[in-house]
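Examining the three-dimensional arrangement
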Amino acid sequence: MSRIVTVAAAQLGPIQKADSRQAVVARMLDLMEQAQGKGADFIVYPELALTTFFPRWYHEDRAEADFWFEKEMPNAATRPLFERAIQHGLGMSFGYAELTPDGHHFNTSILVDRKGTITGKYRKVHLPGHAEYDKERAFQHLEKRYFEPGDLGFPVWRFMGGIFGMCICNDRRWPETFRIMGLQGVEMVTLGFNTPSVNAQKAVEGSHRRVFHHKLSVQAGAYQNSTWVVAVAKAGAEDGHPLFGASLIVNPDGEVVAETTTESDEILVHRCDLDATRFGKETIFDFERHRRIEHYGRITSQVGVTLPPEA
Ligand code: CDT
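Residues numbered from 1 in each chain as written. Predicted model: local features only at pLDDT ≥ 70, side-chain atom pairs only at ≥ 80, totals over all residues. Heavy atoms only, no water.

1. Quick word on the overall build of the protein
Helix and strand content of the protein: 8 helices and 14 strands. Scaling as 2.2 N^0.38, a compact globule of 311 residues should have a C-alpha radius of gyration of about 19 Å, and the protein matches this with 19 Å. Principal-axis analysis of the C-alpha atoms gives the protein an extent of 60 × 55 × 40 Å. Out of the 311 residues in the protein, the part that is buried amounts to 52%. A sequence separation of at least 24 residues applies to 68% of the contacts in the protein between residues at least 6 apart. (Helix = DSSP H or I, 4+ residues; strand = E, 2+ residues; numbered from the N terminus. Rg over C-alpha atoms; globule rule 2.2 N^0.38 Å. Buried < 20%, exposed > 50% of the residue type's maximum accessible area, 1.4 Å probe, protein only. Contact = heavy atoms within 4.5 Å.)

2. A word on helix α2 (residues 79-88)
Where α2 is concerned, the buried positions are L81, F82 and A85. Axial view of α2: buried residues confined to an arc of 95°, hence all on one face. Turning to α2, the residues buried within the fold contact α1 (21-37), β3 (91-99), β4 (105-112) and β5 (118-123). (Arc of directions from axis to C-beta.)

3. Considerations on the nonpolar core
Counting 43 residues, the largest nonpolar core has F42 and M188 as the members making the most contacts within it. The greatest single-element share of this core, amounting to 6 residues, is contributed by strand β9 (residues 228-233). In this structure M188 touches V7, F42, I163, F164, G165, T227, W228, V230, C272 and L274, once residues within four positions along its chain are discounted. Formed by 27 residues, the second largest nonpolar core is a distinct cluster that contains V25, M28, F94 and Y96. (Core = buried A, V, L, I, M, F, W, Y, C linked by side-chain atoms within 4.5 Å.)

Following this line, the structure appears as structure tokens:
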């Protein structure tokens, strides 16, 4: 039986602070129509897809930021997405800010099956940035203020005939993210991101190097775990703050097979053969045969760097 998943990476252009959820969902529906027209059966949208990248805005009163969070999913604003995806028989993944009934805040991504059931939920583990206003930065990145680190680990799910996992933006820079899913046999990882084109703390670093680091991380994660990765940007200038595009579909050899060329709403569609993951998993990255966990203890027993003793 064929294990082809035709994936649409649905990049979103900028979302301004004043834009409503309804206006964003209308754009997402338009991308969904394009994806369906190109034969996609699974559509992936970015991190925090429903709003501007609000962690750049400082709210002294933390509770004011609850405006950016969803208390239930689906809800009135997002139900049209679920309904249209069901109508087209499309699987779907998107990110949003989640406020749980008991008051916890997470940067979350979901996997939704063809019938509109949420089969998977992931909460971002690696939160970049800072918790307090930082006057030294060119702009704020307050993820540590508004979110708690995810509490669900890096699970994978049997989904659309394969094994699927999710991670979010900064997670891609940490090899542990992909390896934990690789150890569960992951065959496709979805990854939404919002990455500023410039470094708030290093004025000389422009978008070229930042896109290079993005690709380096995503391609390495795919290759070293022999998995497809679908990395989807929110891009363009949000209220004057640029985010880069470079949404990617990467094959299990780590090669980019599709990449966006704009910083606007744009769709990439690619037929991904999940069986293409097998060769790498059965040879150079056959974990069972080749991993040497007796030497990896520091990975889970130590957070920061421990230097060797001085001579
Ligand atoms: N959204 C997100 O995680 N962005 C970060 C920016 C890093 S700079 C604070 C990223 O890793 O792309």
